Amino acid sequence: MKLVTYVAGQGAARAGVVHAGSVYPVGLADMLALIEGGTTALAAAAEAAGGGAEPLALRDVQLLAPVPRPPRIFGIGLNYAEHAAESRMDVKTVPTVILKLSSSVVGPGAAVVL
C-alpha cells in the first residue's frame, strides 16, 4: 500500500492510497491525520485501496510530498560503510544526526529550490 498526498483539479490536498494505477481517497485532509489515526486509519486506507472509495486515475492527479510539512526531519549521516568510504571518513560509532527544514520537502518531479 502506497500512501500519498495528492491534488485533483483545483481541489485541496488530500490523503490517499495508490493501487493498480489509481488513487483512492481515504477521507482525510492530510497524511499526518492518517498517521495519527493509527491502525484504525490504516485499516480504512487499506479498505479504500480495495475498492471502498471511488478511484481517481493516477495521471489525473498531482502527487505532492507524502507529508508536505512534516513536524521534524531527522537524517543520519555516514550511516553505512560505502557512504563513509565515498566521503573518505570513518564510520561513526555514534550516529551523526542531521536536521532538515520542512520547507525542503517537495513532491515527485517538483523543483528543489536552493
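What counts and how
Residues numbered from 1 in each chain as written. Predicted model: local features only at pLDDT ≥ 70, side-chain atom pairs only at ≥ 80, totals over all residues. Heavy atoms only, no water. Helix = DSSP H or I, 4+ residues; strand = E, 2+ residues; numbered from the N terminus. Rg over C-alpha atoms; globule rule 2.2 N^0.38 Å. Buried < 20%, exposed > 50% of the residue type's maximum accessible area, 1.4 Å probe, protein only. Contact = heavy atoms within 4.5 Å. Areas by Shrake-Rupley, 256 points an atom, 1.4 Å probe, with all protein chains shown as cover. Core = buried A, V, L, I, M, F, W, Y, C linked by side-chain atoms within 4.5 Å. Pairing = 2+ DSSP bridges. Axes fitted to C-alpha atoms, helices over the stretch in contact; angles between N-to-C directions.

### Quick notes on the overall build of the protein chain
For the protein chain, the helix and strand inventory stands at three helices and seven strands. Along the protein chain, helices and strands appear, N-terminal first, in the series β-β-β-α-α-β-β-β-α-β. Scaling as 2.2 N^0.38, a compact globule of 114 residues should have a C-alpha radius of gyration of about 13 Å, whereas the protein chain reaches 18 Å, well beyond that. Seen through its C-alpha atoms, the protein chain measures out along the principal axes to roughly 50 × 30 × 25 Å. Among the 114 residues that make up the protein chain, the fraction classed as buried is 22%. Contacts in the protein chain between residues far apart in sequence, at least 24 positions, make up 55% of those at least 6 positions apart. A total accessible area of about 7,900 Å² is found for the protein chain, and carbon and sulfur atoms account for 58% of it.

### Thoughts on the nonpolar core
Core analysis: the largest hydrophobic core is formed by 10 residues, namely Ala15, Val17, Tyr24, Val26, Met31, Leu34, Ala41, Ala45, Ala48 and Ala49. Top contributing element to this core by residue count: helix α2 (residues 38-52), with four residues. Beyond its immediate sequence surroundings of up to four residues, tyrosine 24 is in contact with Gly16, Val17, His19, Ala48, Ala49, Gly51, Ala53 and Pro55.

### Considerations on the sheet that holds strand β1 (residues 2-8)
Read across the open sheet, the five strands follow the order β4-β3-β2-β1-β5; overall the sheet is antiparallel. Every other strand in the sheet has two partners, leaving β4 (56-57) and β5 (61-63) as the edge strands with one partner each. Where β1 and strand β2 (residues 14-19) come together, five bridges link them in antiparallel fashion. Counted as the bridge partner of lysine 2 is valine 18 from β2. Along the sheet, α2 makes contact with β1, β2 and β3 (22-25), crossing β3 at roughly 135 degrees.

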